[in-house]
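# An overview of the molecular structure
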Amino acid sequence: MKTAKTVDELRNEIKVFGENKTIGFAPTMGYLHEGHLSLIKRAKTENDIVVVSIFVNPTQFGPGEDFESYPRDFEKDAGLAEAAGADILFLPDAKEIYPVGSATIVEVEGPITKKLCGSSRPTHFKGVTTVVNILLNIVSPDKAYFGQKDAQQVAVIKKMIRGLHMQVAIVTCPIIREADGLALSSRNVGLKTEEREQAPVLSRALNIAKDLWISGENDVATLKTVIANEINTMPLADIDYVDILDYETLAGIEKIDAPALAAVAVRFGNTRLIDNIILE
Ligand code: PAF
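Read on for a plain summary of the structure. In this text the structure is predicted, and so the values were computed from the model without any measurement.

The residue D77 is located in helix α3 (residues 74-84) in this model. Given a relative accessible area of 2%, D77 falls into the buried group. When the C-alpha positions of D77 and R42 are compared, they lie 17 Å apart, and in sequence the two are 35 residues distant.

Here strand β8 (residues 260-268) lies mainly inside the structure; eight of its nine residues are buried. Pairing of strand β7 (residues 237-246) with β8 involves nine bridges; the strand directions are antiparallel. Bridge pairing in β8 links I239 to V266. Summarising the sheet, β8 and strand β9 (residues 271-279) pair through nine bridges and their orientation is antiparallel. Counterpart to A262 in the pairing with β9 is I277.

Near the ligand you find P27, T28, M29, N57, Q60, V131, V132, F146, D150 and Q153, and these make up its full shell. In this structure, an oxygen atom belonging to the ligand sits 2.6 Å away from a side-chain N or O atom of Q60. Q153 places a polar side-chain atom, nitrogen or oxygen, 2.7 Å from an oxygen atom of the ligand. Across the complex, the protein chains shield 89% of the 290 Å² of accessible surface that the ligand would expose by itself. When contributions to the shell around the ligand are tallied by element, the ones reaching two or more residues are β2 (23-28) and α7 (124-139). Of the residues that constitute the shell around the ligand, the class distribution is five nonpolar, four polar and one charged.

Taken together, the three strands give an open sheet; going across it, the order is β7-β8-β9, and neighbouring strands pair in antiparallel fashion. Of all the strands in the sheet, the pair left with one neighbour each is β7 and β9. Adjacent strand axes in the sheet meet at a mean angle of 15° when their direction is disregarded. Packed on one face of the sheet, helix α10 (residues 201-214) meets β8 and β9 and runs near 20° to β9.

A few words now on α10. The terminal C-alpha atoms of α10 lie 20 Å apart, and with 14 residues this matches the ideal 20 Å at 1.5 Å per residue to within 8%. For α10, every residue scored as buried is listed here: V201, L202, S203, A205, L206, A209 and W213. Where α10 is buried, its residues contact α9 (193-198), α11 (220-231), β8 and β9. Following α10 by one or two positions, G216 adopts a phi angle in the positive range, close to 120°.

Here H124 lies in helix α7. Considering only alpha carbons, one finds H124 and N137, 13 residues apart in sequence, at a separation of 20 Å. Among the polar contacts listed, one links the side chain of H124 to the backbone oxygen of Q60, at a separation of 2.9 Å.

As enumerated under the stated definition, the model contains 15 salt bridges in all. A salt bridge links K149 to D150; its shortest N-O distance comes to 4.0 Å. Owing to a relative accessible area of 27%, D150 belongs among the partly exposed residues under this scheme. In this structure, K255 engages D219 in a salt bridge whose closest nitrogen and oxygen atoms are separated by 3.0 Å. Placement of K255 in the loop between β7 and β8 and of D219 in the loop between α10 and α11 is noted, with a sequence separation of 36 residues between them. Given a relative accessible area of 41%, K255 falls into the partly exposed group. One connected set of salt bridges, linked through shared partners, spans R42, E46 and K143.

Rules of the game
Residues numbered from 1 in each chain as written. Predicted model: local features only at pLDDT ≥ 70, side-chain atom pairs only at ≥ 80, totals over all residues. Heavy atoms only, no water. Helix = DSSP H or I, 4+ residues; strand = E, 2+ residues; numbered from the N terminus. Buried < 20%, exposed > 50% of the residue type's maximum accessible area, 1.4 Å probe, protein only. Pairing = 2+ DSSP bridges. Near = heavy atom within 4 Å. Polar contact = N/O pair within 3.5 Å; in protein donor to acceptor, adjacent residues only side chain to side chain. Areas by Shrake-Rupley, 256 points an atom, 1.4 Å probe, with all protein chains shown as cover. Nonpolar A, V, L, I, M, F, W, Y, C, P; charged D, E, K, R; others polar. Axes fitted to C-alpha atoms, helices over the stretch in contact; angles between N-to-C directions. Contact = heavy atoms within 4.5 Å. Expected span 1.5 Å × (residues − 1). Salt bridge = Lys/Arg side-chain N within 4 Å of Asp/Glu carboxyl O.

This is the structure in structure tokens:
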């Protein structure tokens, strides 16, 4: 695996592979876990070249959020990315992504970026779409791989791709979970012992709602109450949101009669976890 720190280095490394090669791209913020590795492995099966980026993007963290404390271990990440099949690791610093004087922002407007994570993190998706746009312009991949755990991020990025007529296919990969159901996340490392013990309540609550829906309950308010009640059985859980929305548009719904996304965000101490399940 080659490592590139600048845009020029990255483009040169891609050129070395020759012309007309398909490129699969997994953008990450590092501290890689099996969820990230599943994106890289999938990209390896579908492309000639796999590029992985690690960039803890400052613009998607709001004031007082965990940018400084976001876990980082670039050396370990490099070994993991290579073992999973990455051909090129792109490790830019902030000046490379946002050169002095850069003043271009890409923003998807409307409710899709305002609800769920957008309501407690109002500038988050602007940072995500800006950096993803920059990274896609640098790498020019045929396919870009994202995890279903960040379902809203995927919906927003797809809307940006359609809106800007960008030529890249977005591939969404399933959530990877611990044996007790906790969705893998780089932030899980911040959970204290008791918080970690209680954190599987997110997936448990979502699964209870799914079972209820399968058995015929399709009233969104009822299902949301069931999810919130289950999460509230854990004393350290502090709900940010519980919502059920149209899966495609993220529009609010009262009854589930098309694929829906049940999504939650819950704080345990300083750690904010998200999870979701598709009801389809
Ligand atoms: O999902 C993430 O890790 C980040 O939001 C992304 C897509 C790498 C952009 O910084």
